[in-house]
Amino acid sequence: MEREELFSIVDRILNNSSDGDIEVIVEAIKRRAKGRNSGTFRGINPERLAKETGSVLNSQMSYSVAGIRKMIQEFAVGIIQKEAPELGADQIQELLEAWIPDPSTKTRGNDSPPVPVDVLLTMIRQLLAYSAGTMSASEQTELYNNIPDWQKEYWRRFPDGIREILTLFIKGSIDEEACWEKIHSVLDL
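Only a predicted model underlies this, so the values are computations on that prediction, with no experimental measurement involved.

**Student:** Could you clarify how one ought to interpret the overall build of the chain in this entry?
**Tutor:** Along the chain, the regular secondary structure elements total nine helices and zero strands. Going from N to C terminus, the chain has its helices and strands arranged as α-α-α-α-α-α-α-α-α. In the chain, which comprises 189 residues, the proportion classed as buried is 21%.

Here you go:
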């Protein structure tokens, strides 16, 4: 629009408008000026809207992850209490921290807490039985249902010395008796 035309329109509006109309026009001009200075678009501040939306989504996701973790822990406690009633509260808590770590404290790499020796021996027994084909179908099913990739998870949690011994057994370089002797030696049992 050309300047002369704009002045003509403004003059017509100002000279033919009531005081109430002028007040509305002044408020509209103030809002428009404020919107330009604050990064708004048609009265909406996209930056503020994005921050608020992100904050809400982040809190909902955090709650969801925490809720799912708590549910899994409660499920695991039930299984542990059913299958190993002799374990105390401290031992159960140690297992939970080892098996279901808090994702907010986890860093990269295998920095998981060490597995208690009795649990480690059970894991080794299960892996050896599976490798030798002597694990019962019900135990296999239960492991798959509770930890879908249990072999990989067990392997990841084994100390390096145990992995080396198990590799020798799986390749047929040593028999089961020699395997257990070496395992007991590494674990100082």
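**Student:** I keep staring at the layout of surface pockets and nothing clicks. Help me out?
**Tutor:** Summary: where empty space remains is shown by rolling a probe the size of a single water molecule over the atoms. Taken as a whole, the largest pocket holds about 870 Å³ of empty space. Looking at the lining of the largest pocket, the elements with two or more residues in it are helix 3 (46-83), helix 4 (89-99), helix 5 (117-132), helix 6 (137-146) and helix 7 (150-157). Partitioned by chemical class, the residues of the lining of the largest pocket number 15 nonpolar, three polar and eight charged.

**Student:** Would you explain the pattern of salt bridges in this entry?
**Tutor:** Close approach of charged atoms allows side chains with opposite charge to pair. One pass over the full model with this rule turns up three salt bridges. Here Arg125 and Glu139 are joined by a salt bridge, their closest N and O atoms 3.1 Å apart. Of the two residues, Arg125 is situated in helix 5 and Glu139 in helix 6; the sequence distance between them amounts to 14 residues. Of the residues examined, Arg125 reaches a relative accessible area of 39% and is grouped as partly exposed. Between Glu153 and Arg156 there is a salt bridge, with the nearest N and O atoms lying 2.6 Å from each other. One end of the pair, Glu153, and the other, Arg156, are both in helix 7, three residues apart, so they sit about a helical turn from each other. Of the residues examined, Arg156 reaches a relative accessible area of 27% and is grouped as partly exposed.

What counts, and at which threshold
- Residues numbered from 1 in each chain as written.
- Predicted model: local features only at pLDDT ≥ 70, side-chain atom pairs only at ≥ 80, totals over all residues.
- Heavy atoms only, no water.
- Helix = DSSP H or I, 4+ residues; strand = E, 2+ residues; numbered from the N terminus.
- Buried < 20%, exposed > 50% of the residue type's maximum accessible area, 1.4 Å probe, protein only.
- 1 Å grid on protein atoms, 1.4 Å probe; cavity = no way out; pocket = protein on both sides within 12 Å on 5 of 7 lines; lining within 4 Å.
- Points joined across faces, edges and corners; volume = space filled by probe spheres on them.
- Nonpolar A, V, L, I, M, F, W, Y, C, P; charged D, E, K, R; others polar.
- Salt bridge = Lys/Arg side-chain N within 4 Å of Asp/Glu carboxyl O.

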